[in-house]
Amino acid sequence: MIRRPRLPAPEDFTAPSHSPLVTARLGLWLGVAFGLCFGTGLLSHYLQHPPGWFTWPTRPVNLYRITQGVHVLSGVAAIPLLLAKLWSVYPRLFVRPPVRQPIRLSAHALERISVLVLVCAAFFELVTGLFNVAQSYPWGFFFPTAHYAVAWLVVGAMLLHVAVKLPVARAALKTPLRRRRAAPGPDDRDTAQRRAFLRTSAGVAGVAVLATAGVTVPWLRRVSPLAWRSATGPQGVPINRTAAAARIAVPPDWRLEIVWPGGRDTVSLADLAALPQRTAELPIACVEGWSASAHWTGVPVVELLRRAGAPTGRPVRVTSLETDGLYAASTLPAAHARDPLTLLALRINGEQLSPDHGYPCRLIAPSRPGVLQTKWVARLEVLR
């Protein structure tokens, strides 16, 4: 006779880790991680798709590097914290209220629906985020749009969940893990196990961050075995898109076109090289969370526009030789266009740009996402 396996029951999960005292503390940590991830992700989205009211400073030059690094690393930390929190409330997620109390049943159902939305949306964000940093997209939707939309769903469901559970969470957070007793007893063993579970959860989250933080913190690269980008690459700086992948063919008679309302000018590569050059140490900071600094040498965009007789202090549209890429063009806000550290770079770390780094010239500006640091520049257009 074959016995069917018995499904787990609530009484099977009596470990001290299945306690509101543990769940509330994990929820607090997870809320901080999600809050950091959402806030910095919102900044990154607005930088790439700026609404009319949004402005972003050019200083400090590493600002976007920091915010995007925090975005990705807080997402990494949230993965073990989310799993630990779900474990602490299992199997209470599946407890059904008494059917004879319709009001309680309705409230319970609404609460469970909100939790289901929160868990599914959170896993969607974290899993697709991991695939994004690996630059693997085994789905048919456009990642930035879906990731941005579901992020709002996570925040809405999380706020609803906090509102419902606030009395329980507040009481649990005010209750110390260990109460003063005259003599040791079973409660002390429970306290030790709860503390061990919390320390383990925090430790795993910390190890996950440390193992990946080298992608954006240079001095941690040697202790970050899971970093998805190393410091190596063409001319010592990593890249996401090669010249071959972008199908770049630089014409022998290449000239940079500068256009503004009522005027036009062209400049050859030799003309650019003959102009006064400026060298600045600026990072390439990509939306995937990795970043690397380099010394870039080139002509400040504001000086190039001034030399051509074009107006300054306005947004500038930068267009690449690339024709079919999603980021073949970008718009420099007025603040970046007039910043003397915004360069049309010709050299990197003292060497002429390689094709993969944007030869014949590329844009490099302080505190900007890497996808907006347009390579293989062919045209500058001053906007109204």
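Residues numbered from 1 in each chain as written. Predicted model: local features only at pLDDT ≥ 70, side-chain atom pairs only at ≥ 80, totals over all residues. Heavy atoms only, no water.

> How do you make sense of the overall build of the protein when you look at a structure like this?
A count of helical and extended segments in the protein gives 8 helices and 10 strands. Split into buried and exposed, the 384 residues of the protein put 46% on the buried side. Restricting the contact set of the protein to residue pairs at least 6 apart, pairs at least 24 apart contribute 67%. When the accessible surface of the protein is totalled, it reaches about 20,400 Å², and 63% of it is carbon and sulfur. (Helix = DSSP H or I, 4+ residues; strand = E, 2+ residues; numbered from the N terminus. Buried < 20%, exposed > 50% of the residue type's maximum accessible area, 1.4 Å probe, protein only. Contact = heavy atoms within 4.5 Å. Areas by Shrake-Rupley, 256 points an atom, 1.4 Å probe, with all protein chains shown as cover.)

> Help me understand the packing of aromatic side chains in this model?
The geometry of two aromatic rings is summed up by the distance between their centres and the angle between their planes. Scanning all chains against the criterion turns up 12 aromatic pairs. Here the aromatic rings of Tyr 46 and Phe 54 are separated by 5.6 Å at their centres, their planes lie at 55°, and the arrangement is tilted. Since its relative accessible area comes to 15%, Tyr 46 is described here as buried. (Phe/Tyr/Trp six-rings, centres within 6.5 Å; stacked < 30°, edge-to-face > 60°.)

> I'm lost on the sheet that holds strand E1 (residues 255–260) in this one. Help?
Adjacent strands of a sheet pair through backbone hydrogen bonds, lying either parallel or antiparallel. Reading across from one edge, E2-E1-E10-E5-E6 is the order of the 5 strands in this open sheet, with mixed pairing throughout. Among the strands making up the open sheet, the edge pair consists of strand E2 (263–268) and strand E6 (329–332). On average, each strand axis in the sheet is tilted by 20° relative to the strand beside it, whichever way the strands run. The pairing of strand E5 (residues 316–320) with E6 spans 4 bridges and is antiparallel. By the bridge assignment for E6, Thr 319 is matched with Ala 329. (Pairing = 2+ DSSP bridges. Axes fitted to C-alpha atoms, helices over the stretch in contact; angles between N-to-C directions.)

> Looking at this model, I keep getting lost on the pairing of strand E10 (residues 377–382). Mind explaining?
Residues in a regular strand project their side chains so that they alternate between the two faces of the sheet. Sheet topology places E1 next to E10; 3 bridges connect them, and they run parallel. If you follow Ile 258 over to E10, its bridge partner there is Leu 380. When E5 meets E10, the two strands line up antiparallel, connected through 5 bridges. From the neighbouring strand, Val 318 faces E10, where its bridge partner is Leu 380.

> Got a minute to help me understand a nonpolar patch on the surface in this structure?
Side chains of Leu 28, Trp 29, Val 32, Leu 36, Ile 66, Val 70 and Leu 173 sit close together on the surface and give an oily, nonpolar patch of about 590 Å² of accessible area. Contributing elements (two or more residues each) for the nonpolar patch: helix H1 (20–48) and helix H2 (63–89). Per-element accounting of the nonpolar patch gives the leading share, 4 residues, to H1. With respect to the element layout, Val 70 can be found in helix H2. (Patch = residues over 30% accessible without salt bridge, like charges linked within 9 Å, V, L, I, M, F, W, Y side chains within 5 Å. Salt bridge = Lys/Arg side-chain N within 4 Å of Asp/Glu carboxyl O.)

> In this structure, what is going on with the packing of H1 against helix H4 (residues 143–174)? I would like to understand it.
When two helices pack together, their arrangement is given by the angle between their axes and by how far apart the axes lie. Contact geometry of H1 with H4 gives a least axis separation of 10 Å together with a crossing angle of 150°. Classed by the angle they form, the pair H1 and H4 counts as roughly antiparallel. Regarding H1 and H4, the two cross each other, and that crossing is left-handed. Facing H1, whose interface residues are Pro 20, Leu 21, Ala 24, Arg 25, Gly 31, Phe 34, Phe 38, Leu 42, His 45 and Tyr 46, H4 presents Tyr 148, Ala 151, Trp 152, Val 155, Met 158, Val 168, Ala 169, Ala 172 and Leu 173. Along the lines of polarity and charge, the residues of the contact of H1 with H4 split into 16 nonpolar, 2 polar and 1 charged. (Parallel < 35°, antiparallel > 145°, perpendicular 65-115°, else oblique. Left-handed = near helix turned anticlockwise from the far one by under 90°. Nonpolar A, V, L, I, M, F, W, Y, C, P; charged D, E, K, R; others polar.)

> Before we go on, may I ask you to explain the environment of Thr 175 in this structure?
Secondary-structure assignment places Thr 175 in the loop between H4 and helix H5 (186–212). Along the chain, Thr 175 and Leu 21 lie 154 residues apart, while their C-alpha atoms are 7.3 Å from each other. Ignoring any residue separated from it by four or fewer positions in sequence, one finds Thr 175 in contact with Leu 21 and Arg 25. A polar atom in the side chain of Thr 175 sits 2.8 Å from the backbone oxygen of Ala 171. (Polar contact = N/O pair within 3.5 Å; in protein donor to acceptor, adjacent residues only side chain to side chain.)

> What exactly am I supposed to notice about the nonpolar core here?
When a protein is soluble and globular, its nonpolar side chains tend to lie buried together. Ranked by size, the top nonpolar core spans 27 residues in total, and within it Leu 26, Leu 30, Phe 34, Ala 78 and Leu 82 carry the most contacts. Of all the secondary structure elements, the ones that give two or more residues to this core are H1, H2, helix H3 (102–133), H4 and H5. Other than its neighbours up to four places away in sequence, Leu 82 contacts Leu 30, Ala 122, Phe 123 and Leu 126. Within the second largest apolar cluster, 26 residues are counted, among which are Leu 256, Val 267, Ala 337 and Cys 361. (Core = buried A, V, L, I, M, F, W, Y, C linked by side-chain atoms within 4.5 Å.)

> I would appreciate a short explanation of the UniProt feature "transmembrane region" (unreviewed entry) in the protein in the present structure.
What UniProt calls "transmembrane region" (unreviewed entry) maps, in this numbering, to residues 26–46, 66–88, 109–131, 151–173 and 196–220. Between the end C-alpha atoms of residues 66–88 there is a gap of 32 Å, over a span that is 100% helix and 0% strand. With 100% helix and 0% strand, residues 109–131 has end C-alpha atoms that lie 33 Å from one another. (UniProt positions renumbered as here; feature names shortened; annotations may be inferred.)

> Would you mind showing me how to read H2 here?
Side chains of residues three or four places apart in an α-helix project in the same direction, reflecting 3.6 residues per turn. Helix length check: H2 (27 residues) gives 38 Å between terminal C-alpha atoms against 39 Å at 1.5 Å per residue, within 8%. Within H2, 21 of the 27 residues are buried, which leaves it mostly tucked inside the rest of the structure. (Expected span 1.5 Å × (residues − 1).)

> Honestly, the pairing of strand E4 (residues 291–300) in this entry has me stumped. Any pointers?
Burial analysis of E4 places 8 of its 10 residues in the buried class, which makes it a mostly covered element. Note: strand E3 (residues 278–285) against E4, 8 bridges, orientation antiparallel. Each bridged residue has a counterpart across the sheet, and for Ala 280 the counterpart in E4 is Trp 296. As judged from the 5 bridges shared by E4 and strand E7 (residues 343–348), these two strands associate in the antiparallel manner. The partner of Gly 298 across the bridge, within E7, is Ala 345.

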